[in-house]
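# Secondary and tertiary structure notes
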Amino acid sequence: MSLSKITTTVGLNIGTVDVGKARLMFWDLGGQEELQSLWDKYYAECHGVIYVIDSTDEERLSESKEAFEKMVTSEALDGVPILVLANKQDVETCLSIPDIKTAFSDCTSKIGRRDCLTQACSALTGKGVREGIEWMVKCVVRNVHRPPRQRDIT
Ligand SMILES: Nc1nc2c(ncn2[C@@H]2O[C@H](COP(=O)(O)OP(=O)(O)OP(=O)(O)O)[C@@H](O)[C@H]2O)c(=O)[nH]1
Ligand SMILES: [Mg+2]
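Residues numbered from 1 in each chain as written. Chains lettered and ligands numbered in written order. Predicted model: local features only at pLDDT ≥ 70, side-chain atom pairs only at ≥ 80, totals over all residues. Heavy atoms only, no water.

## Side note on the pattern of salt bridges
Inspection of every chain in the model, using the stated rule, returns 11 salt bridges. Of the charged contacts in the structure, one is a salt bridge between D40 and K41, with a shortest N-O distance of 3.3 Å. With a relative accessible area of 44%, D40 lands in the partly exposed category. On the basis of relative accessible area, K41 is assigned to the exposed category, the value being 61%. The salt bridge partner of E69 is K65, with a shortest N-O separation of 3.3 Å. With E69 and K65 both in helix α1 (residues 61–72) and four residues apart, this pair spans about one turn of that helix. The exposure classification of E69 matches that of K65, with both residues buried. The network of salt bridges with shared partners includes K65, E66, E69, D106 and K110. (Salt bridge = Lys/Arg side-chain N within 4 Å of Asp/Glu carboxyl O. Buried < 20%, exposed > 50% of the residue type's maximum accessible area, 1.4 Å probe, protein only. Helix = DSSP H or I, 4+ residues; strand = E, 2+ residues; numbered from the N terminus.)

In structure tokens:
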């Protein structure tokens, strides 16, 4: 799909992807400020969170950090693995992983003992996406706090 055809998420996009022996169901939620209040409606049933950061948007980085902090401190997500994707790494002037980790440093203690990985990626070139998803699958499958449904692993 051409990038110009991608529009901001207003409702909910659902997609299914098979990765090895696992079937992943993605629930794509909108990141606009007024939609962030809907996120917690999905926490109780999710097995993993993929949190996407726009690495070119320095202006909204502190808003993103606040939203992330609120999410990780939510009890309904206790023990759930979190993959942080630092997207748009194809853009030369983007923020680096260390830049983003520094901006999110307050959150470290709040992440707790769950699995959490920050992965550089580009949705445009695909770089880093597979690594991130494969990591997530491993974490979800072995997570004793919230085991995946058996029918999603064959
Ligand atoms: N250069 C570049 N542009 C990207 C990349 N990923 C997304 N974009 C562009 O960024 C814009 C926003 O993408 P969206 O997919 O709407 O972003 P989003 O995070 O889902 O936004 P919300 O749905 O509002 O939360 C689009 O115009 C995309 O073309 C990337 O990896 N590199
Ligand atoms: Mg979207």
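## Remarks on the confidence of the model for the protein chain
Atom-level detail of predicted coordinates should not be read off regions where pLDDT is low. Residues at a pLDDT of 70 or more form 100% of the protein chain, whose mean pLDDT is 95. As a predicted assembly, this complex carries a pTM of 0.96 together with an ipTM value of 0.97. (pLDDT = per-residue confidence, 0-100.)

## Here we look at the nonpolar core
Judged by nonpolar contacts, the single largest core of 22 residues is most densely connected at V49, Y51, F68, M71 and F104. Of all the secondary structure elements, the ones that give two or more residues to this core are β3 (49–54), α1, β4 (82–87) and α2 (97–103). Here the element with the most residues in this core is α1; it accounts for five residues. With sequence-adjacent residues up to four places away left out, F68 is seen in contact with Y51, I82, V84, F104, C107 and I111. (Core = buried A, V, L, I, M, F, W, Y, C linked by side-chain atoms within 4.5 Å. Contact = heavy atoms within 4.5 Å.)

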